[in-house]
Every structure is written in C-alpha cells, then in structure tokens.
Amino acid sequence: MFVEVYGGHIGRCSDSEEEQELLSYVGRRLLISVPVLFGILGISFIFVQMLPGDPVRALMSPEELATASPEYIEQRRSELGLDKPIFVQFAAWIGEVLQGNLGHSFRRNTPVADMIFERIGPTAILAITALSIALIIGVLLGTFAALKQNSWFDYLSSVTSMMAVSIPNFFLGLMAIYIFSISLGIFPTGGMRTLAASNPSALDRVHHLILPALVLAINLIGPYVRYTRQSMLEVIRQDYITTARAKGVPWMKVVFGHGLRNALIPLTTVIAIQVPILLTGLLVIETIFSWPGLGRLTFESIMGRDYPVIVAIVFISAVFVVLFNLLADVTAAALDPRIRL
C-alpha cells in the first residue's frame, strides 16, 4: 500500500485499491494500443506494396520468365490477388488475421503462421540471451560508474558505451567472425548447431549462440550504461539514501536494496525503446551468422518479394513493440505508484 495526499489530508490506499488502479492503468494502455497497431499495419502494408520489383517475376525462373507472355504474368498476379486495389488487399488480410491466419507464402505456398512458428524459437533464444547479457553488464557498469564518479572507471565505461553504440552491428559481426572464428577458431562462423552432428548437445548449441549473442548485446549495452549511471547519480543524492546511511545500513545494501530499484524506473522505458533496435539488430545478426530465425526469414522474404511473409513479420514485430512498451509502463507503475495517477 502507499500514501496519497488529498487536500492536505493523508490517506492510505489498500492493496485492493492499488490492484484496481493498476488494472485500470493497464486497460487504458491496451485501448491506446489497438489503434496504434492498426495504424502501423496500414502504413507497413502500403510500404511493402511499394517495394521495387514484381513478386510474380521474382517467383519465376529465368527460363520461365523468358518465355512467359504478359497474359500469363497477369494470370499469376490474379491468382495471388495482386491485381486488386491495395485497400481491398489490406481488408482481406485483416479478415484473415481476425480468423487467426496470416496468409500463405508466395514462394513456398505454405501458411505464413507455420513459417513464423518454426523461426520464432531461435529468434527468442538469441534475443533473450543478448538482452540479458546487455542488461546485466549495462546495469552493473552504470551502477559502479555512478559510485566511482569522475574516476578512471567512470571515464572508461563512458568511452566504452559510446563505442558500443557507434560501431555498426554488421561491421562488428563481420569482425567478430574474422577474429574469433576464422583467425582464432574459437567459435563457429554461423548456424545454430553443428551440421555434421545428428543429435547436437546443449553445449554445442550454446557454443554457436555465444558469438552472435555477444555481438548483438554490445549494441544494446551503451544506453543501459548511460541511463543507469545518470539515474543512480540522482538517486544516491536523495534524502532517504542519506538517512539509510546515517542509520548504519551497509553501503552495498543501500545501493542495491534501495537505490537501484528507483534507478531502474527510467531504464524500463529505455528497454521498451530499444526493442525496435533489437529487432533490427536481429535481422542483421541472423543474416550474418546464418541463424535460422525471423530476422533471416525477413531478409529472405524481402529479397524474394514474398509480401505475405513480410507483412506478417512486421505485424508480429509491431505486437512485440506494443507489448514491451505496455510491460515497461506496467513495471514502472508497479515500481512507482505515482505513475498510475
């Protein structure tokens, strides 16, 4: 429970009232998310249709394309529903989504949902691992940089975080492959497992996961270090920190038990903002390291002009971005009850 002030009178909210306020807050955020999702879908659907190239011609072999008549190409376009106005195609796709379908792939003629289901597991493993590494290292570096303000460690962590943000992930990935895979032979160059192994062990999968996860995490660490450092500098100067110190509470307990919780409130927003960057990084890293996830599927679909797959992945990505923003808002509201008001 927490304390509220109304007209100079102090009242105490019960746990049930706190839960109702939190549920009401979540409900409002969900209502806002619905038009946002539809807006993202409409814009992305139009942009996908504007991609250069013809999906019908991309599906045909050079020999077939050389002998195909304009009537045959138009017939193929009609079979795929590409001859209809764009708003009719969009309405039909929304109807499929409301029925639980995401359409059929032009290239494979299989349900897009099945293709995404096959690839979402490897992507989740890579994304969660990279995000966990970035959060642990970023929060620790930012915390100790704040505690050692203006020291060599503070300057080193600031320079390191700026370098991590500045280096493009595709360049970092190629350099990591060249140094650690080709030159030193420590890690494999790509893939999720050793192809020669019929039943790869968990250690083999972890061995393939380490390098792409570290490369992806490096691009995420920079903002976590800077925001954690700034938040901790503000928190450790608060009166309740001084009071806890005056009562003889151990310094590390004050920092991690009291200060870090409040310092992490702004960081939850940063994590939600980083989700689109994480998804973009996944596309690049999965392509470079031949990781069989959604990022690589997106690249292959763009190159093959497979519109249904591209739109479905954009839809899934938008859902994840909205959910992470909602989760960040709820987490911040749970950490600081004043946000609900």
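These lines cover the structure that appears in this document, whether it is placed above or below.

### What to know about the pattern of salt bridges
Stage number 1. Applying the stated criterion across every chain yields a total of three salt bridges.
Stage number 2. Arg296 is the salt-bridge partner of Glu300, the closest N and O atoms lying 3.4 Å from each other. Linking Glu300 with Arg296, this pair stays in helix α12 (residues 294-303), spanning four residues, or about one helical turn.
Stage number 3. Classification of Glu300 by relative accessible area gives partly exposed; the value is 30%.
Stage number 4. Through salt bridges that share partners, Arg119, Arg296 and Glu300 make up one connected network.

### Description of the nonpolar core
Stage number 1. If you look at the biggest cluster of nonpolar residues, it comprises 39 residues, and the most contacted ones within it are Leu126, Leu216 and Tyr224.
Stage number 2. When contributions to this core are tallied by element, the ones reaching two or more residues are α6 (112-147), α8 (169-183), α9 (202-235), α10 (239-246) and α11 (251-288).
Stage number 3. Top element by residues in this core is α9. It accounts for 13 residues.
Stage number 4. Residues within four places of Leu216 in sequence aside, it is in contact with Leu126, Ala130, Leu278, Gly281, Leu282 and Ile285.
Stage number 5. Listed in part, the 24 residues of the second largest apolar core include Phe45, Leu82, Ile94 and Leu297.

### Focus on the packing of aromatic side chains
Stage number 1. Enumeration over the complete set of coordinates arrives at three aromatic pairs.
Stage number 2. Judged by centre distance (6.4 Å) and plane angle (55°), the ring pair of Phe106 and Tyr307 falls under tilted. Separated by 201 residues along the polypeptide, Phe106 in the loop between α5 (86-98) and α6 and Tyr307 in helix α13 (residues 307-335) bring together distant segments of the chain. Accessibility classification places Phe106 together with Tyr307 in one group, the buried group.
Stage number 3. Here Phe180 and Phe187 contribute two aromatic rings whose centre-to-centre distance is 6.5 Å and whose plane-to-plane angle is 65°, an arrangement assigned as edge-to-face.
Stage number 4. Judged by its relative accessible area of 33%, Phe180 is partly exposed.

What counts, and where the lines are drawn
- Residues numbered from 1 in each chain as written.
- Predicted model: local features only at pLDDT ≥ 70, side-chain atom pairs only at ≥ 80, totals over all residues.
- Heavy atoms only, no water.
- Salt bridge = Lys/Arg side-chain N within 4 Å of Asp/Glu carboxyl O.
- Helix = DSSP H or I, 4+ residues; strand = E, 2+ residues; numbered from the N terminus.
- Buried < 20%, exposed > 50% of the residue type's maximum accessible area, 1.4 Å probe, protein only.
- Core = buried A, V, L, I, M, F, W, Y, C linked by side-chain atoms within 4.5 Å.
- Contact = heavy atoms within 4.5 Å.
- Phe/Tyr/Trp six-rings, centres within 6.5 Å; stacked < 30°, edge-to-face > 60°.

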